[in-house]
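Structure assessment
Now for the letters of each chain:
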Amino acid sequence: MLDNLPPPPTLPRVLIDFDLFDAVLLDLDGTIYHEEHPLPGAVELVRRFEAQRRKYACLTNSTSSPDRIAARLQRMGIALDAHHIYTAAAATVDYVLQTFTNPRIFNLATEGIHEMLDGKVQWIEGEEDPCDAVICGVPLSVYATDERRRVAMLHVRRGARLIGICADRVYPSPRGLEFGVGALTAMIAYAANVQPVFCGKPEALFFDELCHRLDVAPGRCVLIGDNLESDIAGAKGVGMKTILTLGGVSSREDVERLPPAARPDWIIDDLTKLL
Ligand SMILES: [Mg+2]
């Protein structure tokens, strides 16, 4: 019966008054850019938000730091200051610093995690050292050698918290799909028989930490993203309004398969419809 309800409207040009919201959240991959190119309307929309001095943030489940993402966007011709970027790695850093006092951390993740936490935590290397938490990234990371995975597993078995930067099962690469952060985290969680904490989209933790940073209430935000699971469901879960852009992962047919309550508030073909 639910299938007979009309899908959410596809917007003609404009119509969303961003002044009704305290902040606009934009997904990055599949919304702002694809591979190494900005998507239609992205550069102009960001420029417009800057000119309007609007509060906005760009989100990604990347295991890298906002600084590194800003540099990458710069190379694509998207001028975006790092303080407008929130990555799953940055959410992980916020979580670690809020959860532990003088944390002792084993980094199974990235250089970006090292840069953001260096000087604020004690890095653990040996398998005998007391450890509060293991931060887990993708299996291909230079930080995730076989030996380091084994040491990380031992720490978690002895009580260190297992923190996955995000729960992504896979991610796209030039040669196809690669194992994601969620896959390596699940391997260690299984071996240690623990439940990991995940910090990226679609976790409420991610959106709550971001709203805390922006000093806005989730219910006063609108999110624009291309992924029904990580963007739309995550944002709806904390009470945000949502706009699905069709340039990336999810299609109109995917939306029509969802119960009405899980559908985005609006659907657009691409970001030019918001200009
Ligand atoms: Mg995306």
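Residues numbered from 1 in each chain as written. Predicted model: local features only at pLDDT ≥ 70, side-chain atom pairs only at ≥ 80, totals over all residues. Heavy atoms only, no water.

**A closer look at the pattern of salt bridges**
- Taken as a whole, this structure holds 13 salt bridges when the rule is applied.
- The partner of Asp132 in a salt bridge is Arg104, with the nearest N and O atoms 3.1 Å apart. Here the residue Asp132 occupies a position in the loop between strand E7 (122–123) and strand E8 (133–136), and Arg104 occupies one in strand E6 (residues 104–108), the gap between them amounting to 28 residues.
- Take Arg104: its relative accessible area is 28%, and that puts it in the partly exposed class.
- Put simply, Asp27, Lys201 and Asp231 are held in one network by salt bridges that share partners. (Salt bridge = Lys/Arg side-chain N within 4 Å of Asp/Glu carboxyl O. Helix = DSSP H or I, 4+ residues; strand = E, 2+ residues; numbered from the N terminus. Buried < 20%, exposed > 50% of the residue type's maximum accessible area, 1.4 Å probe, protein only.)

**Details of the coordination of the magnesium ion**
- Listed as protein donors to the magnesium ion are Asp27 (OD), Asp29 (O) and Asp226 (OD); their distances from the metal cover 2.1 Å.
- In primary-sequence terms, the residues that donate to the magnesium ion follow D-x1-D-x196-D. Of the two residues, Asp29 sits in the loop between strand E1 (23–27) and strand E2 (33–34) while Asp226 sits in the loop between strand E13 (221–225) and helix H8 (228–237), which places them 197 residues apart along the sequence. (Donors = N, O, S within 2.8 Å, 3.2 Å for Na, K, Ca; no water.)

**Looking at the pairing of strand E11 (residues 176–179)**
- Sheet analysis places strand E10 (residues 170–173) next to E11, joined by four bridges and oriented antiparallel. Paired with Tyr171 across the bridge in E11 is Glu178.
- Between E10 and E11, which pair antiparallel in sequence order, lie two residues. (Pairing = 2+ DSSP bridges.)

**Here's the deal with the environment of Ala82**
- Within the fold, Ala82 resides in the loop between helix H2 (66–75) and strand E5 (85–87).
- Overall, Ala82 belongs to the buried group, its relative accessible area being 16%.
- Along the backbone, Ala82 and Ala71 are eleven residues apart, and their C-alpha atoms lie at a distance of 8.4 Å.
- Leaving out residues up to four positions away in the same chain, Ala82 has contacts with Pro66, Asp67 and Ala70. (Contact = heavy atoms within 4.5 Å.)

**Notes on the sheet that holds E13**
- Taken in spatial order, the six strands make up an open sheet running E5-E4-E1-E13-E14-E15, and their pairing is parallel. Whereas interior strands pair on both sides, the edge strands pair on one side only; in this sheet they are E5 and strand E15 (266–268). In this sheet, adjacent strand axes meet at a mean angle of 25 degrees when their direction is disregarded.
- As paired elements, E1 and E13 share four bridges and run parallel to each other. Bridge pairing in E13 places Leu26 opposite Ile224. (Axes fitted to C-alpha atoms, helices over the stretch in contact; angles between N-to-C directions.)

**Comments concerning the side chain of Asp27**
- Relative to the assigned elements, Asp27 resides in strand E1.
- Within the local environment of Asp27, its side chain forms a polar contact with the side chain of Lys201, the two groups lying 2.6 Å apart. (Polar contact = N/O pair within 3.5 Å; in protein donor to acceptor, adjacent residues only side chain to side chain.)

**Focus on the domain arrangement of the protein**
- Partitioning the protein into structural domains gives domain 1 (2–61 + 202–274) and domain 2 (90–198).
- Inter-centroid distance (C-alpha atoms) of domain 1 to domain 2 is 29 Å.
- Here domain 1 packs against domain 2, burying approximately 750 Å² in sum over the two surfaces, 50% of which is carbon and sulfur.
- The three residues of domain 1 that bury the most area against domain 2 are Asn61, Leu205 and Glu209, which together make up 59% of that side's buried surface.
- There are one salt bridge connecting domain 1 and domain 2.
- Note that Asp94 is salt-bridged to Arg213, the shortest N-O span being 2.9 Å.
- Linking domain 1 with domain 2 are three residue pairs in polar contact (both at pLDDT 80 or more). (Domains from an automatic or database assignment. Buried area = accessible area lost by both parts, 1.4 Å probe.)

**Focus on the nonpolar core**
- Grouped together as the largest cluster of nonpolar side chains are 44 residues, with contacts concentrated most on Leu25 and Leu59.
- Broken down by secondary-structure element, the contributors of at least two residues to this core are E1, strand E4 (56–60), helix H3 (88–99), helix H4 (111–117), E8, helix H7 (204–214), E13 and H8.
- With seven residues, the single largest contributor to this core is H3.
- Residue contributions to this core reach at least three from each of two domains, namely domain 1 (2–61 + 202–274) and domain 2 (90–198).
- Apart from residues no more than four positions distant in its own chain, Leu25 is found in contact with Ala57, Leu59, Leu210, Leu214, Cys221, Val222, Leu223, Ile224 and Met240. (Core = buried A, V, L, I, M, F, W, Y, C linked by side-chain atoms within 4.5 Å.)

**Structural notes on H3**
- Given a rise of 1.5 Å per residue, twelve residues ought to cover 16 Å, and the 16 Å separating the end C-alpha atoms of H3 matches this to within 8%.
- Counting buried positions along H3 gives nine out of twelve residues, so the element sits mostly inside the fold.
- When H3 is considered as a whole, its buried residues turn out to be Ala88, Ala89, Ala90, Ala91, Thr92, Val93, Asp94, Tyr95 and Val96. (Expected span 1.5 Å × (residues − 1).)

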